[in-house]
Amino acid sequence: MEVDKGKGEAEETRKVAEADRDTVTLKSSDGKLFEVSKEAAARLSTVLAGMIAGGSIDDNGTDLKQIGSEALENVVDYCNKHANSIPSAALISSSISFNTAPFKEPEEWERKFVDRLSHDALFDLVEAANFLGMERLLDVTCHKISEMMKGKSPDQIREVFNIKNDYTKEELEEIRQELAWAFYDD
Amino acid sequence: MARGGGEWELETAIELSAVASGLPGHLPSYFSGDGELQDVWINVTDVAVVTVSVSSLTSTSWGFTDPSWAFRLDLETLETELVDIDDGVSVKGKTMGDIQGIPDDVLELIFLLLASPAHLIRAAPTCKRWHGIVAGARFLSRFLSLNRRHLVAGSYYNGRQQEPPAFVASSSSSPPVVDGRRFSLDFLWSGDNVVVDPQSLRIVDTYGGLVLLSMEPYDPPNPICHVHMVVCEPLTRRYKVIPPMVTCSGYYHRSGPFLLDGDRAAGGIDLSNFRLMCVACHPDRRGSYRGSMFTASCDLDGSCSWHVYAIDDGQSLRSLMGRTRASVYWHGGGRAVTALDRSTAELSSSELPESAEEWDEQGTEVKVAVGRDGEPRILAIAPGCSVVRVFAAAMARGGGEWELEKRIELSAVASGLPGYLPSYFDDGEAVAWIDVTADAAAMVTVSVCSVTTSWGCMDSSWSFRLELESLEAELVDMDSGVLELDVAFPCELPWPPVLHART
C-alpha cells in the first residue's frame, strides 16, 4: 500500500482505512495522517501494541503529539519496509536495550534506511522510536549515531553533532593529559 | 565532469565582504585580510547552503574555536541571513533536530554501541552531560560486560636475539583504535634513566593494562635466588620497580611471578593496586610448595614488601600449564589441576577425568588455552601420539571436574597443508607439541620436530596454527613468522578509564 506522504489527503486515507482494517492511522503533532500495517505496528512498537490491544486507536487518526510529521513518516516507512522483510521476533529479543545479548548488526536495508536521513531527521527518529517503544528501530538508529562518533576526536564529535563545549580551557587540558593515549594525532 | 575522475573547475568566487557587508554586526576587519588574527571557516548546513563563521579569538590548544559572528549563505542566490550565536545550536546545522534532545538512557545505548573503549574515551569528554553519563559506575560495568573482548589492544612478544619486546596491535580491531606506538616499552630503557635492561629482563606476564618484566628464570634454578622485576603501565608510561623476591632457604623458585588484582575492595588492577605471586618448591619434601606475595595497594612511592603465601600440602603446583585472563593453571601430577584466581588470589583444586592415557607419562604435554567462549581448555598431547585431547571445565571456575570435550586427530586436520609428512603424526619418530601463542581465542600452534637432539628436540621444523573449534589449520611460514611461534602477552586498554567527575 502506498503511504500517505503527509500532504493532508485525510479523506483518501480514511477511505483506505475503512476499506482495510489491517491498518491503523497515526496523526503527527502537526496534524498529518499516516497509515501503517496494524500487524507491523503491533510487532515493532510496544506502545502501539498496547494502544491497539487497549482499543485506544482512533480510526480518524491516533494522536501522537510528541512526534513531528517527518519523524512519523520515517517510522511508518520503517514499519512498512519491515513488514515486507522478515519475521522480527528474533530482532526484538536481541535488543541491546533489554538484555546483554550481543547487538545484531543492521541489515542492508536498515543501513540504507538510516543512511539516507539527515542528522536532524535521525535524531528525531531516535526520539520517536524511543517514545513508541520500538526497540529494533532504536537499536538501528543508535547504531548509526555511534558509527558517526567512531574514530573521531572529541573536537570532531562536537563539530559533527553540533555540541557546545562547556569545559573551561583548564578542564580540557586536564582531560587531555589524563586520556592522552586515546587522543593521539595521526 | 560527473563523478569518476576528471577535473574540477572554478564555478564562482564569492567575495565574503561583499555578501556580508549589509548584515548587522559586520565589521570590515572580518574579511579584510589585514593581518589581524581572524579565523574564518565554513560549515555545510544544507543543500547549497553554508554557514560562514568568524572568530577573532585564537584557537585553543584543542583547536576548538567559538564563532563570534556567523551568517548563512546560499551558494546560488548569494542570499545571506545572520545566525544568532547565542542560541547555540544553529551555527553548524539546522535548528530542528538536536542530539542533546535525546534522553540519557538512549545516549547510554549509543555509547554502549561504540564497542571499543578507545571510541568511548573520545566521546566522553565532548561535554559535561556526556561525561556524566559515561563516568557512571553502572554504565562502565555494563559497557565492560558487553565489550570485554574489545579491551584487548594487542599483544607483546619478547624479542628474539637481544631484540627488545615488541607490541603488535590486535587484528580484531581493524583499523586499530589506539596507536601502537603508545604501547612501546621504550620508556623503560631509553633516555637518561635506564630502568630495565631489555636483554636481561623479559616480559613474563600481562594482566589488564599492566606488563610485568622479570629476570628469566635460571635453569637449573639457583637455590638462593633474587628475582628482580618491574611492573609498568605502557599507556601512561609509568612503572614501579619491585623489591627483589628472595627465595626462602631450601626452596627453589619454581614459577611466576604472576600479576593479580589488587586487594582493594573496589577490585581491578592498576599501577597502584595490584599483587604479584611467585611459587617456590622444596626439592626434598615432595609436594611442598610455598608462595610469595607482593601487594602494591599503597602509593606508587610507598614501600611494600613480599610476604609468605601459605599453600596447603594437598595443593600441588608441579608444572605450569598456562594462564587465562581469569586464572593461572598448574598440573599437579596425576589428575590434579590447581588454579590461582587472579582476582581473589585464591588457589582451587580440580580434577582431570580418568583416562586410559597416563597423565604422568614422561613427555605428556598439558597446556591451557582459551576457548571462543572465553573459558579455559586443557589440551593434552602424549608423546608419539597423534591426538590432542581437549578438556573443558565441567563446572565454572572454583573447582570441580574437567571433562573431555573433543579429540583432535592431528593427521586429519593437517594432512592438507603444504609440507605435511605422514610420519609427523604417525609412528612416534617425530615429536609434536603445542604452544598457546596467539592472543586470539581458541588458537594454538602445533609444531613438529623430526630431528631429536640429546637435549630433547626444541626447534620446530614445521608448524601450523589450529583453531580449536573450527579445526581450521593454517601453515606457519617459518621464514617470516618469528612472532607466530612466540608467546603472546595480551595487553588491555585501561578499565575503568580515568574519568574524574566533572559534572
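Just so it is clear, the model here is predicted, and its values are computed rather than measured. (Residues numbered from 1 in each chain as written. Chains lettered and ligands numbered in written order. Predicted model: local features only at pLDDT ≥ 70, side-chain atom pairs only at ≥ 80, totals over all residues. Heavy atoms only, no water.)

Q: I'd love a proper account of the overall build of chain B, names of residues and values included.
A: Each helix and strand counted, chain B has 6 helices and 27 strands in total. Put simply, chain B shows about 24600 Å² of open surface, and 50% of that area lies on carbon and sulfur atoms. (Helix = DSSP H or I, 4+ residues; strand = E, 2+ residues; numbered from the N terminus. Areas by Shrake-Rupley, 256 points an atom, 1.4 Å probe, with all protein chains shown as cover.)

Q: Talk me through the pattern of salt bridges; I want residue IDs and the actual numbers.
A: Residues and elements named next belong to chain B. Enumeration according to the criterion identifies 27 salt bridges over all chains in this entry. Of the charged contacts in the structure, one is a salt bridge between Arg 237 and Asp 186, with a shortest N-O distance of 3.0 Å. A residue pair is termed long-range when its members are at least 10 positions apart, and Arg 237 in the loop between strand 9 (226-233) and strand 10 (238-246) and Asp 186 in the loop between strand 6 (166-169) and strand 7 (201-207) qualify at 51 residues. (Salt bridge = Lys/Arg side-chain N within 4 Å of Asp/Glu carboxyl O.)

Q: So what's going on with the confidence of the model for chain A? Residues and values would help.
A: Taken over all residues, the pLDDT of chain A has a mean of 79, while the share at 70 or more is 77%. Taken as a whole, residues 88-100 of chain A scores under 50 in pLDDT and shows 32 contacts with residues more than four places along the chain or in a different chain. (pLDDT = per-residue confidence, 0-100. Contact = heavy atoms within 4.5 Å.)

Q: Any chance you could break down helix 10 (residues 169-178) of chain A for me, citing the residues and the numbers?
A: All names here are of chain A. Buried residues of helix 10: Glu 171, Leu 172 and Ile 175, and no others. One side of helix 10 carries all its buried residues, which in axial view fall inside an arc of 100°. Turned more than 90 degrees away from the buried face of helix 10 sit Lys 169, Glu 170 and Gln 177, all of them exposed. (Buried < 20%, exposed > 50% of the residue type's maximum accessible area, 1.4 Å probe, protein only. Arc of directions from axis to C-beta.)

Q: Give me the sheet that holds strand 21 (residues 387-393) of chain B: which residues, what numbers.
A: Residue and element names in this part refer to chain B. In spatial order, the strands read 15-16-17-18-22-21-20-19; together these 8 strands make up an open sheet with mixed pairing. Each of the sheet's edge strands pairs with one partner strand only, and the pair in question is strand 15 (319-323) and strand 19 (365-370). Recorded for the sheet is a direction-independent mean angle of 30° between the axes of neighbouring strands. Both strand 21 and strand 22 (residues 400-409) contribute to a ladder of 7 bridges, which runs antiparallel. From the neighbouring strand, Val 388 faces strand 22, where its bridge partner is Ile 408. (Pairing = 2+ DSSP bridges. Axes fitted to C-alpha atoms, helices over the stretch in contact; angles between N-to-C directions.)

Q: So what's going on with the side chain of Asp 261 of chain B? Residues and values would help.
A: All names here are of chain B. Relative to the assigned elements, Asp 261 resides in strand 11 (residues 252-261). One buried charge, Asp 261, has no salt-bridge partner; the nearest side chain with opposite charge is Arg 325, at 6.1 Å. Here the side chain of Asp 261 touches Tyr 207 through a polar contact of 3.3 Å, side chain to side chain. (Lys, Arg positive; Asp, Glu negative; His and termini not counted. Polar contact = N/O pair within 3.5 Å; in protein donor to acceptor, adjacent residues only side chain to side chain.)

Q: Describe in detail helix 9 (residues 154-161) of chain A, supporting the description with residues and values.
A: Each full turn of the α-helix corresponds to 3.6 residues, which orients residues three or four apart in the same direction. For helix 9 of chain A, the full list of buried residues reads Pro 154, Ile 157, Arg 158 and Phe 161 of chain A. Projection of helix 9 of chain A onto a plane perpendicular to its axis shows the buried side chains occupying an angular sector of 100°, all on one side. In this structure, the buried residues of helix 9 of chain A make contact with helix 7 (119-132), helix 8 (135-149) and helix 10 of chain A together with helix 3 (117-123) and helix 4 (128-134) of chain B. Backbone geometry just after helix 9 of chain A places Asn 162 of chain A at a positive phi near 55°.

Q: Tell me about the environment of Phe 167 of chain B, and please be specific about residues and values.
A: Residues and elements named next belong to chain B. Examined against the element boundaries, Phe 167 turns out to sit in strand 6. Since its relative accessible area comes to 18%, Phe 167 is described here as buried. In contact with Phe 167, other than residues within four places in its own chain, are Ala 153, Gly 154, Ser 155, Tyr 156, Gly 180, Phe 183 and Cys 491.

Q: Tell me about the sheet that holds strand 10 of chain B, and please be specific about residues and values.
A: The strands making up a sheet associate through hydrogen bonds between their backbones, and the pairing can be parallel or antiparallel. Residue and element names in this part refer to chain B. Spatially, 7-8-9-10 is the arrangement adopted by the 4 strands of the open sheet, whose pairing is antiparallel. Every other strand in the sheet has two partners, leaving strand 7 and strand 10 as the edge strands with one partner each. Between one strand and the next, the sheet's axes are offset by a mean angle of 25°, whatever the strand orientation. By the bridge criterion, 7 bridges tie strand 9 to strand 10 in an arrangement that is antiparallel. The residue bridging Glu 233 from the neighbouring strand is Arg 238, located in strand 10.

Q: Give me the lowdown on the UniProt feature "domain: F-box" (unreviewed entry) in chain B, citing residues and values where you can.
A: Mapped onto this numbering, the UniProt entry annotates "domain: F-box" (unreviewed entry) at residues 100-135 of chain B. Along residues 100-135 of chain B, the helical share is 64% and the strand share 0%, with 18 Å between the first and last C-alpha atoms. (UniProt positions renumbered as here; feature names shortened; annotations may be inferred.)

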